[in-house]
Amino acid sequence: MSESGPRLRDVYITGFGAHLPGPPVGNDRMEDHLGRVHGRGSVVGRRALRWNGIASRHYALSPDGAVLDSNAGMTAKAVSAALDDAGLGLADIQHLATATTQGDFLVPGHAAAVQAELGAGPLELASYQSVCASSLMAAKGAWLQVRAGEAEVAVAAAGEFSSRWFRPAFYEGTALVDGKGRLATEADFLRFTLSDGAGAVVMEPRPRDPGLSLKVDWIDLTSLAGRFDPCMWAGSTRADRAAMDSAWSHAGPLAAHAAGAVALLQDFELLKIVIRAWIGVWLEKVDSGRIFPDQVDHLLCHYSARSLREEIVGLLQNTAAMIPEEKWFTTLPETGNIGSASIWVMLEAFMRSGRPKPGDRVLLIVPESGRAMIGFMMLEVV
Amino acid sequence: MAGEPTTEAAVADVLRKLAVVFADFEQRLEATPLIRKLTRGRFELADYHAFLINLRQQVKDGALWMSRAASNIGEDHLELRSTLMQHAVTEHRDFRLLEQDFVASGGALADILSARKNVGSEALSAWMFHEASKPDPFGLLGAMWIIEGLGSIKARPWGLKVRERLGLPDEALRFLLYHGDNDVAHMEEFRDMLAMVLPDEAVAERIVTTAKVTARLYALQIEEIAA
C-alpha cells in the first residue's frame, strides 16, 4: 500500500454520553403510556417482552401524548454529556457525525438539527441514516476523520424517537388494523421493542490522562441488502415493500397512511433468517481470524444472549465461536432497545460500571434487521 | 506452534466453515425467483408443482449417491459406512412423498414421473455421483451438511408458507412439513460423523470445498425452477 502525507493516527474514545428522557416506564405501564390502538390490549405484547427481555424503557412522550423532547434535542444532550465527560466544550468539535433511524424532519439531515440544538458554531457534519447500525457508520466516519488527521476532535452521536411512531393515530384508520380492531403483528411487535434516547462518544488522537479511554482497533460493517427484502422498514406495506415504486412518497402521504405504509414494520419470519445471516458474518469473522472469541473480555450488544434460540447458541458453541454470557454487558433490560443509540448508552454505562480494566478488549456488535446488516467495533481499554 | 489439533477443535473448525457456507447458501436461495415468489406472496399452485417436480430428482438421487459413497468407504471407517447406509435406508423412499404431495395438491402423477431434470439438477446429480465414486469420499459430509441443513432448517418454514399462501391441506405438504425435525439432534449426529474422519487437514479442506460446490449447484437447481 502506498502512503502519502502523514501516517494514520491511533484514535481513542475519550468521552461518553447518554441521555434518556423522562422516568423509566415499566412493562405494566408501557402500553397505556403509548396508547392502546382502538382501546384494545395487544395480542403479541407479552410474547414480545418475554423474547426481548426488556423490563423498562424511556419515552420522550408523556402518557397523554405530549412531546417532551425532539430526537435532535435528545441527541444534542448526549453530545453535551460526552463532551463534558471528555473535558471538552462545544467549540472543540470539528466533525459531528450523527446516526438515527429517522430524524425529526424528513429534510434536511439529522446532524444539522443536532448542531442547531447544540448551538454549536461552524463545523463539519455528516448525517448517517439507517437503523441500529447507523451508529457504527457514524463511528467509522468519525474515527477515520481523526485517524486521517482531518479532525482533532470528532463526535459520533446517535438518537432515536421511536415512540412517536407508536401512537394510536399512526395505525387507526389504516389497513394495519383489521375489522375487529386488531393491529397487525408486523406493526404491533415493534411497539414492545423500541424506545427513546440518545448516546454519543468523543474521539481524539490521544487517550485522556488521567482516566480510562478506549483505543479503537477497527470497525467493520457488512450489509447483505442485495440478498434480502426489507426486514424492518417504514414507507411501504408488507406486501409491496420489495418494490421501490411502492414508496409512500409516490402514493402521496394520505394514500400511503391509509394503506398502512407510514408505520414502522417488521417481518418476523424474515428476521429469523436475517439472524442466521448475522451469525454467518460473525462466524466468518472468527474463521478468518479477525476476531478471537476467547480474547474478548467484554461483549456489548443490544440483543440479549437469551433471545438467541437454542439452535443458534448450540451452533456457536459447537463452532467454538460463543462468547460466554458472563462476558456480555448490557443495559437492555433497564434502558430498552434504543435502536442506533443503544450501543452508546450501553458503552457509557459500561465505562461507569467498574468493569473495564486497562488491556481489556471490548467488542461492540450492532446487528440491524433493516435490510440485513451487522457491524463490529473492536476496542481496547487504555 | 502446537502439534495436531484435538478432534474437538478440528470438528469445531470445520463446522464453523460449514456454517459460513450454509449462511451464504441460504442467502442465495432467498434471492432465487421461486423463493422470492414465496416470500413476497406471489406463489401459485403451479409454482408449488414445479417445486415438487424439481426436488424429486435430487431427493431420489440422494439415497443413491449416499449408498454409492458408503460402498466406497474403506474398512478403516466402518462406523461411518454404517451411518451412511442407515441414512440411505431412511431416505431412499422419500421421493414417493413428493409424488404423493403432488397428486394430493391436484397434479397428475404422470407429470411428475415423466419430468426431466433441470440444468441445476443435472449438474448437482453428476457432481454427487462423481464424488461418491471416489475411494473414502469423506468430502460428501459437506454435501450432507448442505442438503440435510436445508431439510432441517428451511423445509418446514417453506411448507408453512406454502400452506398459508395456497390453503393446501397437510397431506399435500408432507415432504416439506415432515422434514422440520429436531435440529439439535441433527447437529449432534453430524458432529459425530465429522469426528470419525477428523483431524485431517486434507479431509477438512475437502469437506468444506464439497459443501461449497454442492451449495452452488443446489442453488442453481432452485434458480432454474420456473412454473
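Residues numbered from 1 in each chain as written. Chains lettered and ligands numbered in written order. Predicted model: local features only at pLDDT ≥ 70, side-chain atom pairs only at ≥ 80, totals over all residues.

### Here's the deal with the overall build of chain A
Let me state the cut-off plainly: By the criteria applied, helices consist of DSSP H or I runs no shorter than four residues and strands consist of E runs no shorter than two, each listed in order from the N terminus. We compute the radius of gyration from the C-alpha atoms alone; for a globule the expected value is 2.2 Å times N to the 0.38, where N is the number of residues. Between the buried cut of 20 or more and the exposed cut of 12 or fewer other C-beta atoms within 10 Å of a residue's own C-beta lies the partly exposed class, and all C-beta atoms are placed from the backbone. C-beta atoms are first placed from the backbone for all residues, and any pair lying within 7 Å is then listed as a contact.
Each helix and strand counted, chain A has twelve helices and 14 strands in total. Against the 2.2 N^0.38 benchmark of 21 Å for 382 residues, chain A shows a C-alpha radius of gyration of 20 Å, consistent with a compact globule. Taken along its principal axes, the extent of the C-alpha atoms in chain A is 65 × 55 × 40 Å. Burial statistics for chain A: of 382 residues in total, 52% are counted as buried. Considering only residue pairs separated by 6 or more positions, chain A has 82% of its internal contacts joining residues 24 or more positions apart.

### So, helix 7 (residues 119-132) of chain B
Residue and element names in this part refer to chain B. Short version of the rule: To estimate how far a helix should extend, the number of its residues minus one is multiplied by 1.5 Å. It is the directions from the helix axis to the C-beta atoms that the arc portrays.
Relative to the 20 Å expected for 14 residues at 1.5 Å per residue, helix 7 spans 20 Å between its end C-alpha atoms, a close match to the ideal helical length. Three or more residues of helix 7 are buried, namely Gly120, Ser121, Leu124, Ser125, Met128, Glu131 and Ala132. Taken end-on, helix 7 shows its buried residues confined to a sector of 135 degrees, consistent with a single buried face. Seen from the open side of helix 7, the exposed residues pointing more than 90 degrees away from its buried face are Val119 and His130. Contacts from the buried residues of helix 7 go to helix 3 (45-71), helix 8 (140-166) and helix 11 (201-223).

### Quick word on the pairing of strand 14 (residues 373-381) of chain A
Regular strands place their side chains on alternate faces of the sheet. Residues and elements named next belong to chain A. Using the following cut-off: Strands were regarded as paired on the criterion that DSSP finds at least two bridges between them.
Along strand 14, eight of the nine residues are buried, which leaves the element largely enclosed by surrounding structure. Where strand 8 (residues 214-223) and strand 14 come together, nine bridges link them in antiparallel fashion. Paired with Leu214 across the strands is Val381, a residue of strand 14. Pairing between strand 13 (residues 361-368) and strand 14: eight bridges, direction antiparallel. By the bridge assignment, Arg361 is partnered in strand 14 with Glu380. The antiparallel pairing of strand 13 with strand 14 creates a hairpin that spans four residues between the two strands, and Ala372 there sits at a positive phi of about 75 degrees.

### A few points about the domain arrangement of chain A
Residue and element names in this part refer to chain A. The test is simple: These domain limits were set by an automatic method or by a database of domain assignments.
We note that the domain assignment places domain 1 (12-211) and domain 2 (215-381) within chain A. Placing the centre of domain 1 and that of domain 2 at their C-alpha centroids yields a distance of 15 Å. Across the boundary between the two partners, domain 1 contributes 52 residues, which contact 47 residues of domain 2. Residue assignment for the side of domain 1 that touches domain 2 shows that the elements contributing at least two residues are strand 1 (12-19), helix 2 (45-52), strand 3 (56-57), strand 4 (95-100), helix 5 (134-147), strand 6 (154-160), helix 6 (185-191) and strand 7 (197-204). Considering each element in turn, the side of domain 1 that touches domain 2 owes the most residues, seven residues, to helix 5.

### Looking at the interface of chain A and chain B
The test is simple: Classification used: nonpolar for Ala, Val, Leu, Ile, Met, Phe, Trp, Tyr, Cys and Pro, charged for Asp, Glu, Lys and Arg, polar for all others including Gly.
Every contact between the two is made by 24 residues of chain A and, on the other side, 20 residues of chain B. Among the elements of the structure, helix 9 (268-287) and helix 10 (310-318) of chain A are those that each provide at least two residues to the side of chain A that touches chain B. No other element matches helix 9 of chain A, which puts ten residues into the side of chain A that touches chain B. Taken together, the residues that form the side of chain A that touches chain B break down as twelve nonpolar, four polar and eight charged.

### Let's talk about the packing of helix 3 (residues 71-86) of chain A against helix 4 (residues 110-118) of chain A
A pair of packed helices is characterised by two quantities: the angle between their axes and the separation of those axes. All names here are of chain A. Quick note on the threshold: Simply put, an axis is a line fit to the C-alpha atoms, just over the touching stretch for a helix, and the angle between two N-to-C directions goes from 0 to 180 degrees. Here is the rule for handedness: rotate from the far helix to the near one, and if that takes an anticlockwise turn smaller than a right angle the crossing is left-handed, while a clockwise turn gives right-handed.
At a minimum axis distance of 8 Å, the contact between helix 3 and helix 4 shows a crossing angle of 65 degrees. Pair helix 3 / helix 4 crosses with right-handed handedness. For the pair formed by helix 3 and helix 4, the contact residues are Asn71, Ala72, Gly73, Thr75, Ala76, Val79 and Ser80 on the first element and His110, Ala113, Val114, Glu117 and Leu118 on the second. Each residue belonging to the contact of helix 3 with helix 4 can be placed in one class, and the counts come to six nonpolar, five polar and one charged.

### Structural notes on the environment of Val119(B)
All names here are of chain B. In this fold, Val119 is placed in helix 7. As a C-alpha pair, Val119 and Val103 span 16 residues in sequence and 24 Å in three-dimensional space. Contact partners of Val119, with chain neighbours within four places excluded, come to Leu220 and Glu224.

### A look at the nonpolar core
Residue and element names in this part refer to chain A. Here is the rule: By our criterion, buried Ala, Val, Leu, Ile, Met, Phe, Trp, Tyr and Cys residues that link up through C-beta atoms within 7 Å make up a nonpolar core.
Of all hydrophobic cores here, the largest spans 185 residues; its most connected members are Val155, Ala156, Met203 and Leu364. Both of domain 1 (12-211) and domain 2 (215-381) provide at least three residues apiece to this core. Residue contacts for Met203: discarding those within four places in its chain leaves Val11, Tyr12, Ile13, Ala142, Trp143, Val146, Ala154 and Ala156.

### Here we look at the sheet that holds strand 5 (residues 124-129) of chain A
Within a sheet, adjacent strands bond to each other through the backbone by hydrogen bonds, running parallel or antiparallel. Residues and elements named next belong to chain A. In spatial order, the strands read 5-4-6-7-1-8-14-13-11-12; together these ten strands make up an open sheet with mixed pairing. Only two strands of the sheet have a single neighbouring strand rather than two, namely strand 5 and strand 12 (328-329). Helix 3 contacts strand 1, strand 4, strand 6 and strand 7 of the sheet and is inclined by roughly 135 degrees relative to strand 1. Most of the contacts of helix 5 go to strand 4, to which it runs at about 170 degrees, and overall it touches strand 4, strand 5, strand 6, strand 7, strand 8, strand 13 and strand 14.

### Observations regarding the confidence of the model for chain B
Quick note on the threshold: Per-residue confidence from the prediction method is given by pLDDT, with values spanning 0 to 100.
A residue-level look at chain B finds 96% of positions with pLDDT of 70 or above and a mean pLDDT of 94. Scoring of the predicted complex yields 0.94 for pTM and 0.91 for ipTM.

### Re the environment of Val197(B)
One can find Val197(B) in the loop between helix 10 (183-195) and helix 11. If sequence neighbours within four positions are ignored, Val197(B) has contacts with His77(B), Leu80(B), Phe138(B) and Val203(B).

### What to know about the environment of Glu30(B)
With respect to the element layout, Glu30(B) can be found in helix 1 (residues 7-30). Separated by 91 residues in the primary sequence, Glu30(B) and Ser121(B) place their C-alpha atoms 18 Å from one another. In this structure, Glu30(B) is in contact with Arg227(A), Phe228(A), Ile273(A) and Ile35(B), ignoring residues within four places of it in sequence.

### Focus on unusual backbone geometry
Residues and elements named next belong to chain A. Pro108 follows Val107 through a cis peptide bond whose omega is -5 degrees. For Pro108, the position within the fold is in the loop between strand 4 and helix 4. With an omega of 0 degrees, the peptide bond between Asp209 and Pro210 qualifies as cis. Here Pro210 shows up in the loop between strand 7 and strand 8. A positive phi angle is found at Ala320, which is not glycine, with a value near 55 degrees. Following the sequence through the fold, Ala320 ends up in the loop between helix 10 and strand 12.

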